[in-house]
Amino acid sequence: MTERKEFRNLAPPEEAHAAIDSLDLAPGPEHVPLEDARGRVLAERIDADLDVPGFDRGSMDGYAVRARDTFGADEADPVELDYVGAVHAGAEPDVTVEPGTCAEISTGAVMPDGADAVVMVERTEERDDGGSAGTDTPDRVAIRTSVAPGDNVMVAGADIAAGARALGPGTRLTPREIGLLSALGVDEVPVRGKPKVGIISTGDELVRPGEPLDSDRGQIYDVNSTTIATGVEEAGGEPVLYPHAGDDYAEMERLLTRAADECDLVLSSGSTSASAVDVIYRVIEDRGELLLHGVAVKPGKPMLIGRLERSTESTRTGASAYVGLPGYPVSALTIFRTFVAPAIREAAGQPDPRTATITGEMGVQERYSEGRMRLMPVGLLEREDRPPLVYPVDKGSGATTSLVEADGVVTVDPDTEVLDEGEAVDVTLFSPDVRPPTLLGVGEDDPALNRLLDRVERPRYLPVGSREGLRRLRDGLPDVAVTAGPVDRDVDSVELGRWSREWGLVVPAGNPADVTGVADLVDDDLRFVNRTTDSGLRTSLGNEVAALADARDVDRHALVEAVEGFDLTVRAFESPARRVASGDADVGLGLRATAEKLGLGFVSLGTQDIVVRANPDRVDTAGVAGLEDALDDVGAVVDELPGYED
């Protein structure tokens, strides 16, 4: 029998940080061409090997002069100097400025011998005495201002002098620094190496994006590899993706050893919990040193920290750093951002990213009593003249949409059991560039609504169903709620607009079972797929079943029990139809628009009104106004969808 590893003593977050800090994942320095150096960090000081500029040069168009020849000159009593020639940028001067003479000079040109200042052209006037007739050059130049030695001249080395310290170690190379290095003639720079980070996702069920997916075998696309690789790159590391490791000890050991031989840090995701099949911690114990197993934080309890010994074939010495991340994408990314990314940045010499923390008010009450520090993903909603509303975005660690529906994280102390509605909380944004939505909508999912939202600036819509949408509108959280079909709640709201859609039963093309209505679901042996109880489609179907029960004078629940799969529910409006299209169901609850889109048959059961309802306290906000503008054109939108009318 396989021994289970139990989480008996979860380490506090501070201990996890200390364990990662004890790991060595800093690579040696390397030299890169200057054109590839943007964003890299200098590994050592760079001194100037030459003066910049390497010559005295004029800093504006005008005339190079001996400053003493201009003393006392002004607009009323100019000094006239003989013109001896011109000096242009990029050319070696072929004139000398003697006492009483001047030379025309372009910006950036080498100062001619004898000259020690430049008079700007606007304070001069060319004069001819006839000796230069037929030429473009004057005989003399009237100087209408006096200048001092060095005026309008950049002397050699004024920018940076040979031998001076140009840039120090630890400098992050931006276009400004690269410009300076270019001026010094540097074509290759010594930089801190990027930590090479090996990434291994574990689990027999994982498939790379782009490869065929077999849902019947429980396969899912690998989210963690690409997500964590992007995070590694963002932190200044070099990600290396390895093949998936199955839930097999030997295969896991082989891949981990290979990654340790080639990388400074190995990150795995999955196979870190206490399950009997999660064996990765045993590989670490056998092939290296396990420093920590389990952290008192949510999400992310099953975290591993340790070292992996390298094989004798490796060109690297010592042990590789190792961190095991949880398997669920939200947990994996949260733990990576909190514990691992700072270590990669430090090893790469990259500065901590700009962070932004804002204070908002909880839009709902949130209870929590697990005794662990909680990193709670939250969404924000802008409000005029008030702090933003904060609401939890937590569909569970396995829900990848939580990654994009949240704007930041609220850190909840282990001793905090309740965050009350209206309570002030600090939100650490995922990025200073995060821009909260201008409109928060909840309720029924609908293809016409999706098209309308495309016309609104920065909306966020949570398809929680009609019933749940009304409940949240009643509690005052969203700007708008969208309902479908009959509603059984009286919620104070302002109607912004409506349209109708045809709903019914989606069947295979040609309707091989000759389905005509709800009675066939009850009487025939048909596999049915329903929508969730919060859906307006489900409510309309329930009313049809109730009407059939009344007509037959039987109990409604008896009819429900006679329908195979009535309680098999899916959330999205296309999902039942897709089950029919794949052959996993004979009938699904859905829309005519969906059936025609997927090339399926359709049995109409009626129409539903889709109603957009606004929070009375938000009707004057910019987001609601933007949605109202979009609703003005709802006719053009529904004309594109079969079974829709405005």
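Note that the structure is a prediction, hence the values are computed from the model and not measured.

Caption draft 1: Layout of the confidence of the model for the protein chain. When the pLDDT values of the protein chain are averaged, the result is 90; 95% of them are 70 or greater. With pLDDT under 50 throughout, residues 1-7 is counted as low confidence; its partners more than four residues away or in other chains account for 18 contacts.

Caption draft 2: Quick look at the pattern of salt bridges. Inspection of every chain in the model, using the stated rule, returns 38 salt bridges. For Arg 123, the salt bridge identified is with Glu 75, shortest N-O distance 3.4 Å. Of this pair, Arg 123 sits in the loop between β7 (117-120) and β8 (124-127) while Glu 75 sits in the loop between β4 (62-65) and β5 (79-87); the two residues are 48 residues apart in sequence, bridging distant segments of the chain. In this structure Glu 75 comes out as partly exposed when scored by relative accessible area, which is 44%.

Caption draft 3: Examining the sheet that holds strand β17 (residues 265-269) more closely. What the 6 strands build is an open sheet, ordered β16-β13-β17-β21-β20-β18; its pairing is mixed. Each edge of the open sheet is held by one strand with a lone partner, namely β16 (238-241) and β18 (288-293). Averaged over all pairs of adjacent strands, the angle between their axes in this sheet comes to 20 degrees, without regard to strand direction. Packed on one face of the sheet, helix α4 (residues 249-262) meets β13 (196-201), β17, β20 (304-309) and β21 (319-325) and runs near 170 degrees to β13. Strands β17, β18, β20 and β21 of the sheet are contacted by helix α5 (residues 280-287), whose axis makes an angle of about 135 degrees with β18.

Caption draft 4: View of the packing of helix α1 (residues 13-21) against helix α6 (residues 329-348). Two numbers describe how α1 lies on α6: the axes approach to 10 Å, and their chain directions differ by 25 degrees. As far as their axial angle goes, α6 and α1 are roughly parallel. The handedness of the crossing between α1 and α6 comes out as right-handed. Across the interface between the two elements, Pro 13, Ala 16, His 17 and Ile 20 from α1 touch Thr 338, Phe 339, Val 340 and Ala 343 from α6. Its residues assigned to classes, the contact of α1 with α6 shows 6 nonpolar, 2 polar and no charged.

Caption draft 5: Quick look at a negative patch on the surface. Together, Glu 384, Asp 385, Asp 620, Glu 628, Asp 629 and Asp 632 give the surface a local cluster of negative charge. Summarising the element assignment, Asp 632 is placed in the loop between α15 (622-631) and α16 (634-638).

Caption draft 6: Structural view of the pairing of β5. Sheet analysis places β5 next to strand β9 (residues 140-143), joined by 4 bridges and oriented antiparallel. Bridging across to β9, Leu 81 finds its partner in Val 141. The pairing of β5 with strand β6 (residues 101-105) spans 4 bridges and is parallel. Bridging from a neighbouring strand, Tyr 83 pairs with Cys 102 of β6.

Caption draft 7: Focus on empty space enclosed by the protein. If you walk through the whole model with that rule in mind, you get 2 cavities of 30 Å³ or more. Roughly 40 Å³ of internal volume is contained in the largest cavity. As for the largest cavity, its lining consists of Gly 443, Glu 444, Asp 445, Pro 463, Val 464, Gly 465, Arg 531, Thr 532 and Arg 571. Partitioned by chemical class, the residues of the lining of the largest cavity number 2 nonpolar, 3 polar and 4 charged. For the second largest cavity, the calculated volume is near 30 Å³. Ile 199, Ile 200, Ser 201, Asn 224, Ser 225, Ile 228, Leu 267, Ser 268, Ser 269 and Leu 325 together form the lining of the second largest cavity.

Caption draft 8: Representation of the nonpolar core. Ranked by internal contacts, the top residues of the largest apolar core, which has 49 residues, are Trp 499 and Phe 528. Residues contacting Phe 528, with those up to four places away along its chain left out, are Leu 505, Leu 521, Leu 541, Val 563, Glu 564, Gly 565, Phe 566, Leu 568, Val 587, Gly 588 and Leu 589. Formed by 35 residues, the second largest nonpolar core is a distinct cluster that contains Leu 265, Met 303, Ile 344 and Leu 375.

Basis of the calculations
- Residues numbered from 1 in each chain as written.
- Predicted model: local features only at pLDDT ≥ 70, side-chain atom pairs only at ≥ 80, totals over all residues.
- Heavy atoms only, no water.
- pLDDT = per-residue confidence, 0-100.
- Contact = heavy atoms within 4.5 Å.
- Salt bridge = Lys/Arg side-chain N within 4 Å of Asp/Glu carboxyl O.
- Helix = DSSP H or I, 4+ residues; strand = E, 2+ residues; numbered from the N terminus.
- Buried < 20%, exposed > 50% of the residue type's maximum accessible area, 1.4 Å probe, protein only.
- Pairing = 2+ DSSP bridges.
- Axes fitted to C-alpha atoms, helices over the stretch in contact; angles between N-to-C directions.
- Parallel < 35°, antiparallel > 145°, perpendicular 65-115°, else oblique.
- Left-handed = near helix turned anticlockwise from the far one by under 90°.
- Nonpolar A, V, L, I, M, F, W, Y, C, P; charged D, E, K, R; others polar.
- Patch = residues over 30% accessible without salt bridge, like charges linked within 9 Å, V, L, I, M, F, W, Y side chains within 5 Å.
- Areas by Shrake-Rupley, 256 points an atom, 1.4 Å probe, with all protein chains shown as cover.
- Lys, Arg positive; Asp, Glu negative; His and termini not counted.
- Charge placed at Lys NZ, Arg CZ, Asp CG, Glu CD.
- 1 Å grid on protein atoms, 1.4 Å probe; cavity = no way out; pocket = protein on both sides within 12 Å on 5 of 7 lines; lining within 4 Å.
- Points joined across faces, edges and corners; volume = space filled by probe spheres on them.
- Core = buried A, V, L, I, M, F, W, Y, C linked by side-chain atoms within 4.5 Å.

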